[in-house]
Amino acid sequence: MNILRIATVIPAAMLALTIAGCNTNGSGSFTASAKQYLFTPQGGSGASGNAKKVVLLDGSTATTLTVSGLTPLTQYAAHYHAKGTASSSACASGGGITEGFESFTTDASGSGSVKLLSETSKISGSAGAYINVHLASSLATVPLCADLEQAGTDLPAITGTSSDKSFTAQGGSNASGVAKIVTLSDGTKATTLVVTSLQANTQYAAHYHALGVASTNPCQSAGPITLGFANFTTDASGNGTVRLLGLTAAVAGDLGAYINVHLATDLSNVPLCADLKK
Ligand SMILES: [Cu+2]
């Protein structure tokens, strides 16, 4: 494997960005380059797949893992790992986890996919040297690894349009925030929620909701959840950030009428809502 490695590796952070026109605040459109890295089967697993990385202009990176040849109907975990010291080869270097994907379950043919929106700086350079896919029930079993120190393959450029939606305080809260929504031409949507003045050191949940029937005002319409963010915890000042990469179709039209931020321990407590129909 070392024979194939080139002396000067290109850090993931240096992925080229082609900017056709950009605006990181408010609304705007841009073009970003996309790179694909192949997964290499580990331990004779016979599995395969790829990791697609798109570096956005707002400091976030969208990663989609597509894998096949794994054990059917089985739960897997995947992580970005930092470069470790055990080997000069990234996949054998034993580095620590820097960012985790949500666990995912393979279909009846052993294929699966998982998406993650990350803060780019957390997975750049040596902080994002490789991605491992682990058996969720036994993390020591690693059927696939993608070496991100390899050059990767250029994919057709991806265009995006960004739109910022303000959160409105609900129920007497004095919190505030913004939902930064980037709709990408590959059928995904990258959403970053930046919220302030919530309760300090407290866990919150957030979801896209469909338009409900209780009101014509989306935030009062009590519609069902269509896409959920990972729970997040505010800092000592009550500020928090959470990111989500999802399929645009899941929140298209009335399926994505509003985004609520809920107290994780009491979902009926909703301090913030962003009306996406405005
Ligand atoms: Cu909700």
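Residues numbered from 1 in each chain as written. Predicted model: local features only at pLDDT ≥ 70, side-chain atom pairs only at ≥ 80, totals over all residues.

Visitor: Explanation requested: the overall build of the protein in the structure shown.
Guide: Counting its regular elements, the protein contains 0 helices and 18 strands. In terms of principal-axis extent, the alpha carbons of the protein reach across some 60 × 45 × 40 Å. When each of the 278 residues of the protein is scored for burial, the buried share is 37%. (Helix = DSSP H or I, 4+ residues; strand = E, 2+ residues; numbered from the N terminus. Buried ≥ 20, exposed ≤ 12 C-beta atoms within 10 Å, placed from the backbone.)

Visitor: Explanation requested: the pairing of strand 8 (residues 130-135) in the structure shown.
Guide: Relative to strand 8, strand 4 (residues 75-81) is paired through 6 bridges, and the arrangement is antiparallel. Bridge pairing in strand 8 places H81 opposite Y130. In this structure, strand 8 lies alongside strand 9 (residues 144-147), joined through 4 bridges in antiparallel fashion. Bridge assignment links N132 to a residue of strand 9, and that residue is C145. (Pairing = 2+ DSSP bridges.)

Visitor: Teacher, can you tell me more about the environment of A230 here?
Guide: Summarising the element assignment, A230 is placed in the loop between strand 14 (225-228) and strand 15 (232-233). A residue is classified by how many C-beta atoms lie within 10 Å of it, and A230, with 12 of them, is exposed. For A230, the residues in contact, after removing those within four places along its chain, are E102 and V242. (Contact = placed C-beta atoms within 7 Å.)

Visitor: For this particular structure, what's the right way to read the nonpolar core?
Guide: The nonpolar side chains of a soluble globular protein tend to be buried with one another. Core analysis: the largest hydrophobic core is formed by 62 residues, its most contacted members being Y130, I131 and A146. The greatest single-element share of this core, amounting to 5 residues, is contributed by strand 1 (residues 28-41). There are two domains that each give this core at least three residues, and those are domain 1 (8-21 + 30-151) and domain 2 (160-275). Ignoring sequence-local partners within four residues, the contact set of A146 consists of Y37, L38, F39, A51, Y130 and I131. (Core = buried A, V, L, I, M, F, W, Y, C linked by C-beta atoms within 7 Å. Domains from an automatic or database assignment.)

Visitor: Just checking my understanding: could you explain the domain arrangement of the protein for this structure?
Guide: Accessible area lost on assembly of the parts is the figure often given for the size of an interface. Segmentation of the protein into domains returns domain 1 (8-21 + 30-151) and domain 2 (160-275). Placing the centre of domain 1 and that of domain 2 at their C-alpha centroids yields a distance of 27 Å. Of the residues forming the side of domain 1 that touches domain 2, the biggest block, 4 residues, is contributed by strand 7 (residues 112-119). Residue composition of the side of domain 1 that touches domain 2, grouped by class: 7 nonpolar, 2 polar and 3 charged. (Nonpolar A, V, L, I, M, F, W, Y, C, P; charged D, E, K, R; others polar.)

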